[in-house]
Each structure stands twice: as C-alpha cells, then as structure tokens.
Amino acid sequence: YQSVNKWLTRGPDRQASRLIKWAAVVLASVLIGMFLFSLLLRRQVRRQTRQLNEKTRQLELEIDERERVESALRRSREKYQSIVEDASNMICSFTPDFSLLFVNRAYAQFHGKKPDDLLGQSFLFSVPAEAHQAIVKQILSIDASTLSVSYEHQITGLDEQVSWQRWTTRGLFDSQGRVTAYH
C-alpha cells in the first residue's frame, strides 16, 4: 500500500491520485458496509428461521392433538351409532317442524320401511290425526327449563291396527336456547 501511495503522490497529477485514493476509501467503506449488512441479514435470517421452526413444531403438535381428538370422536360416534342402531326400542330424531332426521332399524322395521325411506317424513305420519294436536302441544312444551317430556299416544302399525306407545322426547338446543332438534 505504501509503495502505491508513493507512486500516486509523485505523479504529475496529484489531484487524480487523490481522487483515486478517495475512490479506494469509498469502495472499501462500501464493501465493509455490505459485509456488515450481510452479517446483520444472516443473523435476522437465523432468528426468523428459529422462530419458524418453533411455530412449525407447535403446529405439528396441534395437528397431532387434533388428529387424536378426531380419532377419539370417530370411535365414540361409531360406538354410539352401533348402540342406537342395534337398540330394540324405536329411536328417532326430528326437526322443530317434525321432519324425521334419523330413525334406527327398530323404528323402520315397525313401519315396514327402510330407514332412508322415512327420512324427511313427518314424525306424526303414523299417528292418527286426532292425536296430532295433543302430541304437538307436549313436544312444544320442551324448553330450556323442561328438557324432555314423556307422553303416550296411539300409532297405526303395519297391520293397520292402532296401538298405544309411550315416548320420551328430549330437545336439543343451540347456544341461544332455541330447539334445533328433538330425540
């Protein structure tokens, strides 16, 4: 560096040599600045990579937990469904307008139909018309303070014989306390 410096200061054009020195200093400063900036960027990238890796681990744990809960829920649903399907008692679920949402095999067999054939029909389809009003009144009395009601009513079977049945109907409610379905 010193030999170059002597050569630059001896030359005929000292102003040019000063300009070259200045450019060298500026270039060195820029290079040092770029080097320091790259160090800073590397540090930020490492920090953000660590943060992303931690978030990824957290998400993996949440996914594992969700899959475990979903699996348990699926097993519970299958168990519940098998109990309801295999029950010898008639079981059904219907909307607030009395449209059947679900019937078990015993319910369908009593009516001589397949479960899917009954869905959408009125819960009252096999009840003599003169009994509808009393049953509707009982069911509509279900609210947040009276969760279920039991009642007896006539029903027409496959052989067109009228018999009596005892039912217990329970309401299912949304978060505002409105009935969403009956079981």
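The preceding data block contains the structure.
Residues numbered from 1 in each chain as written. Predicted model: local features only at pLDDT ≥ 70, side-chain atom pairs only at ≥ 80, totals over all residues. Heavy atoms only, no water.

What to know about the packing of aromatic side chains
The tally for this structure, following the rule as stated, stands at 6 aromatic pairs. Aromatic pair F98 and Y182: ring centres 6.5 Å apart, planes at 20°, arrangement stacked. With F98 in the loop between β1 (92-94) and β2 (100-103) and Y182 in strand β5 (residues 179-182), this pair connects stretches of sequence that are 84 residues apart. We note that F98, like Y182, is buried. Here the aromatic residues F94, F98, Y107, F123, W167 and Y182 are joined through ring pairs into a cluster of three or more. (Phe/Tyr/Trp six-rings, centres within 6.5 Å; stacked < 30°, edge-to-face > 60°. Helix = DSSP H or I, 4+ residues; strand = E, 2+ residues; numbered from the N terminus. Buried < 20%, exposed > 50% of the residue type's maximum accessible area, 1.4 Å probe, protein only.)

Examining a negative patch on the surface
Taken together, the side chains of E60, D64, E67 and E70 make up a negatively charged region of the molecular surface. Positionally, E70 belongs in helix α2 (residues 14-86). (Patch = residues over 30% accessible without salt bridge, like charges linked within 9 Å, V, L, I, M, F, W, Y side chains within 5 Å. Areas by Shrake-Rupley, 256 points an atom, 1.4 Å probe, with all protein chains shown as cover. Salt bridge = Lys/Arg side-chain N within 4 Å of Asp/Glu carboxyl O. Lys, Arg positive; Asp, Glu negative; His and termini not counted. Charge placed at Lys NZ, Arg CZ, Asp CG, Glu CD.)

Structural notes on empty space enclosed by the protein
As enumerated under the stated definition, the model contains 1 cavity of 30 Å³ or more in all. Of the volumes computed, that of the largest cavity is approximately 30 Å³. Y107, H111, F123, S126, V127, H153, I155 and W167 together form the lining of the largest cavity. (1 Å grid on protein atoms, 1.4 Å probe; cavity = no way out; pocket = protein on both sides within 12 Å on 5 of 7 lines; lining within 4 Å. Points joined across faces, edges and corners; volume = space filled by probe spheres on them.)

Things to note about the side chain of H153
Mapping H153 onto the fold places it in strand β3 (residues 148-156). Residue H153 is classed as buried on the basis of its relative accessible area, which comes to 3%. Within the local environment of H153, its side chain forms a polar contact with the side chain of W167, the two groups lying 3.1 Å apart. In this structure H153 touches V127, I135, S163, W164, Q165 and W167, once residues within four positions along its chain are discounted. (Polar contact = N/O pair within 3.5 Å; in protein donor to acceptor, adjacent residues only side chain to side chain. Contact = heavy atoms within 4.5 Å.)

A few points about a nonpolar patch on the surface
Where nonpolar side chains cluster on the molecular surface, the patch consists of L19, W22, V26, L27, V30, L31 and M34 and spans about 720 Å² of accessible area. Along the chain, W22 turns up in helix α2. Note on W22: relative accessible area 55%, which makes it exposed.

Regarding the nonpolar core
Soluble globular proteins tend to pack their nonpolar side chains together in the buried interior. Grouped together as the largest cluster of nonpolar side chains are 21 residues, with contacts concentrated most on C92, F94, L100, Y107, F123, I135 and I139. Elements with a contribution of two residues or more to this core: β1, β2, α3 (105-110), α5 (129-140) and β3. In contact with F94, not counting residues within four places along its chain, are S99, L100, L101, F123, I139, T169, A181 and Y182. (Core = buried A, V, L, I, M, F, W, Y, C linked by side-chain atoms within 4.5 Å.)

Some remarks on the pairing of β2
Pairing analysis gives 3 bridges linking β1 to β2, with the strands arranged antiparallel. Residue pairing in the sheet places S93 in a bridge with F102 of β2. Where β1 folds back onto β2 in an antiparallel hairpin, the turn is made up of 5 residues, including F98, whose phi is positive at roughly 75°. (Pairing = 2+ DSSP bridges.)

Details of the pattern of salt bridges
Summed over all chains, the structure comprises 6 salt bridges. Between E152 and R166 there is a salt bridge, with its nearest N and O atoms 3.9 Å apart. One end of the pair, E152, is in strand β3; the other, R166, is in strand β4 (residues 162-173), and 14 residues separate them in sequence. Pair check on accessibility: E152 and R166 agree, each one exposed. Here D174 ties to R178 by a salt bridge, and the two come within 3.0 Å at their closest N and O atoms.

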